[in-house]
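Listed below are the residues making up each chain.
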Amino acid sequence: QFLYFIERMARSVAVAAWLCALALAASAVTATYSTDVAFRAVHYAKLIKCAPSAINANNCGVACDYFNGTFVNVTAWDNVNDTQVLVGYNTADNQVVVSFRGSTTLLNFIEDAEVWKVDYPNCPASMGCKVHAGFYHTYLYAKPRIFAEVAALMQAHPSASIVVTGHSLGASQARLCALDLVAAYPNAAVFDYTFGTPRTGNPAFAQYAESQGFPVHGRHYHVTHAADPVPHLPPMSWDYIHIPRAVWYDPKFPAAQGGFVVCNGTATAEDPHCSNSLPWYDYKVTDHFHYLGVYTGCGTEANEHTHDREFRANLHAVLRDEALTRRLFGGRH
């Protein structure tokens, strides 16, 4: 009995030590996530939901008013396939900003994801990196102008950091852009904070992103709000996985903790204790349109723009189609 007692005590101590190490690791990871950067980024993601002409004229209501004149040299434009991009400079934060708005065509995105991945040419061919074709091609169309605009701003402000962001389908384009900007500006601090982000590529692509510093230097996060369904698309059973690292905001987390946790997923296994812990039938469309207390469309939710109204209708249609939701979410997340 004495030996049994000693063995139980040893196990208890080992478990306690493991829990302590886990807590310390989590706190170390959490320390690199900046709520200030995230809050600013979600407003950039909101801004690009407005019409480019209104953005360029600084006449887009609450989305423009938030910056109080500090966001200057802003250029916004329509890209192919219903995608919009903006590039600008924030004088208060000394930041060059790139923000993406993706297409409303959610069903086309899902269909493309299942059958149409393309090689990602930046990583060694032996790795077998593949990404969603629609995200990649629409980003490539916009890339030359983005890089020209960023180069001009970086030349004018050589000590600036770079923030890349987007919400929903635009968030995956932002992740692709951030990888290229990290390579192009190795001496700049490139922050990649995205919201309601779909999975962008396969595990080999996620491993390549890790090899380029995602998430080693703590500047690259995809944020999920509660039961938002979009970060669970495309499903992992179709050989997609998120680039680490995830941040999950949920009402169950105490305000003293910030209302979020930083997840401990890797390029080969997402954290099952974060948003993947939710069953698919608990997903909520409304959670996709609210991040960090901010409505992510241009203006207010009561006066929703056509783009956001169309995407909301698309998302509702997907979740109402029982056969489709079971195919997308019924197996692995």
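Quantities reported herein were computed from a predicted structural model and do not represent experimental measurements.

Procedures and definitions
- Residues numbered from 1 in each chain as written.
- Predicted model: local features only at pLDDT ≥ 70, side-chain atom pairs only at ≥ 80, totals over all residues.
- Heavy atoms only, no water.
- Axes fitted to C-alpha atoms, helices over the stretch in contact; angles between N-to-C directions.
- Helix = DSSP H or I, 4+ residues; strand = E, 2+ residues; numbered from the N terminus.
- Parallel < 35°, antiparallel > 145°, perpendicular 65-115°, else oblique.
- Left-handed = near helix turned anticlockwise from the far one by under 90°.
- Contact = heavy atoms within 4.5 Å.
- Nonpolar A, V, L, I, M, F, W, Y, C, P; charged D, E, K, R; others polar.
- Salt bridge = Lys/Arg side-chain N within 4 Å of Asp/Glu carboxyl O.
- Buried < 20%, exposed > 50% of the residue type's maximum accessible area, 1.4 Å probe, protein only.
- 1 Å grid on protein atoms, 1.4 Å probe; cavity = no way out; pocket = protein on both sides within 12 Å on 5 of 7 lines; lining within 4 Å.
- Points joined across faces, edges and corners; volume = space filled by probe spheres on them.
- Polar contact = N/O pair within 3.5 Å; in protein donor to acceptor, adjacent residues only side chain to side chain.
- Phe/Tyr/Trp six-rings, centres within 6.5 Å; stacked < 30°, edge-to-face > 60°.
- Lys NZ or Arg CZ within 6 Å of the ring centre and 35° of its normal.

Draft legend 1. Representation of the packing of helix 6 (residues 133-156) against helix 7 (residues 169-184) in the model. Where helix 6 contacts helix 7, the two axes come as close as 10 Å, and the packing angle between them is 50 degrees. By the criterion of interaxial angle, the relationship of helix 6 to helix 7 is oblique. Pair helix 6 / helix 7 crosses with right-handed handedness. Of helix 7, the residues touching helix 6 (which contributes Phe 135, Tyr 136, Thr 138, Tyr 139, Lys 143, Ile 146, Phe 147 and Val 150) are Leu 169, Ser 172, Gln 173, Leu 176, Cys 177, Asp 180, Leu 181 and Ala 184. Each residue belonging to the contact of helix 6 with helix 7 can be placed in one class, and the counts come to 11 nonpolar, three polar and two charged.

Draft legend 2. Geometry of the pattern of salt bridges. Under the defined criterion, the tally for this structure stands at eight salt bridges. Residues Arg 175 and Asp 192 are paired through a salt bridge, measuring 2.9 Å at the closest nitrogen-oxygen approach. Here Arg 175 is found in helix 7, whereas its partner Asp 192 is found in strand 7 (residues 190-195), with 17 residues between them in sequence. On the accessibility criterion, Arg 175 (2% relative accessible area) is buried. The partner of Arg 199 in a salt bridge is Glu 270, and the shortest N-O contact between them spans 2.8 Å.

Draft legend 3. Up close: empty space enclosed by the protein. Across all of its chains, the model carries two cavities of 30 Å³ or more by this definition. A volume near 180 Å³ is recorded for the largest cavity. Along its surface, the largest cavity is lined by 19 residues, and His 222, His 242, Ala 246, Glu 270 and Asp 271 are the ones closest to its centre. Those elements that place two or more of their residues in the lining of the largest cavity are strand 8 (220-225) and strand 9 (246-249). Of all the elements, strand 9 adds the most residues to the lining of the largest cavity, at three residues. Classifying every residue of the lining of the largest cavity by side-chain character gives eight nonpolar, eight polar and three charged. Taken as a whole, the second largest cavity holds about 30 Å³ of empty space. If you trace the second largest cavity, you find it lined by Arg 175, Thr 197, Pro 198, Arg 199, Thr 200, Gly 201, Ile 241, His 242 and Ile 243. Split into classes, the residues belonging to the lining of the second largest cavity amount to three nonpolar, four polar and two charged.

Draft legend 4. Just the side chain of Asp 180, in detail. The residue Asp 180 is located in helix 7 in this model. For Asp 180, a relative accessible area of 9% corresponds to the buried category. Side-chain polar atoms of Asp 180 contact the side chain of Asn 122, separated by 2.9 Å. The contact partners of Asp 180, leaving out residues within four places of it in the chain, are Tyr 120, Asn 122, Tyr 139, Lys 143 and Phe 147.

Draft legend 5. Representation of the packing of aromatic side chains. Applying the stated rule across the entire model yields 18 aromatic pairs. Note on Phe 39 and Tyr 66: the rings are 6.1 Å apart at their centroids and 75 degrees apart in plane angle, and the pair reads as edge-to-face. Of the two residues, Phe 39 sits in helix 2 (residues 35-47) while Tyr 66 sits in the loop between helix 4 (62-65) and strand 1 (71-78), which places them 27 residues apart along the sequence. Taking the relative accessible area as the measure of exposure, Phe 39 reaches 32% and is therefore partly exposed. An aromatic cluster of at least three residues, connected via ring pairs, comprises Tyr 33, Tyr 193, Tyr 221, Tyr 249 and Phe 260. Taking the ring centre of Phe 147 as reference, the NZ or CZ of Lys 143 above it sits at 5.4 Å. The ring of Phe 289 carries the charged tip of Arg 312 above its face, separated from the ring centre by 4.2 Å.

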